[in-house]
Amino acid sequence: MLTVAELEFGYGAAPTVSGISLQVAEGERVAIIGGNGAGKSTVLKLIAGLERPWSGSIRLDDRALPQAAHAIAMSGVRMAPQGHPVFNSLTIHEHLLLAADLRSAGARTFVDPDEAYRMFPRLAERAHTMASSLSGGERAFLGLAQVLVAGCSILLLDEPSAGLAPAAMKELFALLYR
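Since the model is a prediction, treat every value here as computed from it, not as a measurement.

Q: A description of the overall build of the protein should follow, citing residues and the corresponding values.
A: Counting its secondary structure elements, the protein contains seven helices and six strands. Traced from its N-terminal end to its C-terminal end, the protein shows the element sequence β-β-α-β-β-α-β-α-α-α-α-β-α. Over its C-alpha trace the protein gives a radius of gyration of 16 Å, about what one expects of a compact globule, namely 16 Å for 178 residues. Taking as baseline every contact in the protein between residues at least 6 positions apart, the subset at least 24 positions apart corresponds to 66%. For the protein, the exposed area adds up to about 9400 Å²; of that, 55% sits on carbon and sulfur atoms. Averaging the locations of the 15 positively and 17 negatively charged side chains of the protein gives two centres separated by 2 Å.

Here you go:
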């Protein structure tokens, strides 16, 4: 279970996130909803260790998460950030092999690259294509495939449908809810 208690954080002197608390049980899906600038992405960055809270706590299975982002990722908490960043000089297949090399010790679930290709057939068709030539939807699928191959116990998705065509958005959410 992920437990976030009384998080406080801001950029500069003004708080962006104030008193945020939530719990996410195993197998549960939770959405953080709010307007632009409400702090949704900031909360995810705090959980992933990309920012450090001013106060409050973040715990996974009754243990405090480590401070460093890479240690949090290796504990099984993985984030697919908004914008679906990729390494432009790597192919889809190289991205998935890299993700497999970074498999989390704390991951409860993961898929191998072959399973990722079955989940995302368009990635399989373009496995040896450079990431620099991918569409927004293909980047989104690659980002999710990388997280699934690396393995996770908690999957944080920041604006997963941002910039996607309606058909790609429908396909992405069908995968997330299967």
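Let us keep going from here.
Q: Please give an account of the side chain of glutamate 138 that cites residues and values.
A: With respect to the element layout, glutamate 138 can be found in helix α6 (residues 136-150). At a separation of 2.7 Å, a polar atom in the side chain of glutamate 138 contacts the side chain of arginine 126. With sequence-adjacent residues up to four places away left out, glutamate 138 is seen in contact with Arg122, Leu123, Arg126 and Ser133.

Q: Can you tell me about the packing of aromatic side chains, naming the residues and giving the values?
A: Tallied over the entire structure, the rule returns three aromatic pairs. On the numbers, 4.9 Å between centres and 90 degrees between planes, the contact of phenylalanine 9 with tyrosine 11 is edge-to-face. Taking 5.6 Å as the distance between ring centres and 40 degrees as the angle between the ring planes, the aromatic pair formed by phenylalanine 120 and phenylalanine 141 counts as tilted. Placement of phenylalanine 120 in the loop between α4 (113-119) and α5 (121-125) and of phenylalanine 141 in helix α6 is noted, with a sequence separation of 21 residues between them.

Q: Break down unusual backbone geometry for me, citing the residues and quoting the values.
A: Positive phi values are uncommon outside glycine, yet glutamate 6 reaches one of about 50 degrees. Position of glutamate 6 among the secondary structure elements: in strand β1 (residues 2-11). The backbone of aspartate 61 sits at a positive phi, close to 50 degrees, despite the residue not being glycine. Residue position: aspartate 61 is located in the loop between β3 (55-60) and β4 (63-64).

Q: Give me the lowdown on the sheet that holds strand β2 (residues 14-24), citing residues and values where you can.
A: One open sheet accounts for four strands, arranged β2-β1-β3-β4; its pairing is antiparallel. Each edge of the open sheet is held by one strand with a lone partner, namely β2 and β4. As defined by bridge partners, β3 adjoins β4 across two bridges and the pair is classed as antiparallel. Residue pairing across strands places leucine 60 opposite arginine 63, the latter belonging to β4. Docked against the sheet, helix α1 (residues 40-48) engages β1, β2 and β3, running at close to 115 degrees with respect to β1.

Q: Account for the nonpolar core, with residues named and values stated.
A: Within the largest apolar cluster, 26 residues are counted, with the highest numbers of intra-cluster contacts made by Leu96, Phe120, Leu123 and Leu142. When residues of this core are traced back to their parent elements, those giving at least two are α3 (92-101), α4, α6 and α7 (166-176). Leucine 142 has contacts with Val86, Ile92, His95, Leu96, Leu123 and Leu134, leaving out every residue within four places of it along the chain. One finds Leu2, Ile47, Leu60 and Val77 within the second-largest nonpolar core, a separate group that totals 20 residues.

Q: Pulling in residues and values, what's your account of the environment of alanine 100?
A: Considering the arrangement of structural elements, one finds alanine 100 in helix α3. Look at alanine 100 and you get partly exposed, because its relative accessible area is 23%. In sequence terms alanine 100 and serine 18 are 82 residues apart; their C-alpha atoms lie 36 Å from each other.

Q: Outline the pairing of strand β5 (residues 77-80), listing residues and values.
A: On β5, burial covers both faces: Val77 and Met79 on one face and Arg78 and Ala80 on the other are all buried. Relative to strand β6 (residues 154-157), β5 runs parallel, the two sharing four bridges. Residue pairing for β6: methionine 79 is matched across the bridge by leucine 156.

Definitions and limits used
Residues numbered from 1 in each chain as written. Predicted model: local features only at pLDDT ≥ 70, side-chain atom pairs only at ≥ 80, totals over all residues. Heavy atoms only, no water. Helix = DSSP H or I, 4+ residues; strand = E, 2+ residues; numbered from the N terminus. Rg over C-alpha atoms; globule rule 2.2 N^0.38 Å. Contact = heavy atoms within 4.5 Å. Areas by Shrake-Rupley, 256 points an atom, 1.4 Å probe, with all protein chains shown as cover. Lys, Arg positive; Asp, Glu negative; His and termini not counted. Charge placed at Lys NZ, Arg CZ, Asp CG, Glu CD. Polar contact = N/O pair within 3.5 Å; in protein donor to acceptor, adjacent residues only side chain to side chain. Phe/Tyr/Trp six-rings, centres within 6.5 Å; stacked < 30°, edge-to-face > 60°. Pairing = 2+ DSSP bridges. Axes fitted to C-alpha atoms, helices over the stretch in contact; angles between N-to-C directions. Core = buried A, V, L, I, M, F, W, Y, C linked by side-chain atoms within 4.5 Å. Buried < 20%, exposed > 50% of the residue type's maximum accessible area, 1.4 Å probe, protein only.

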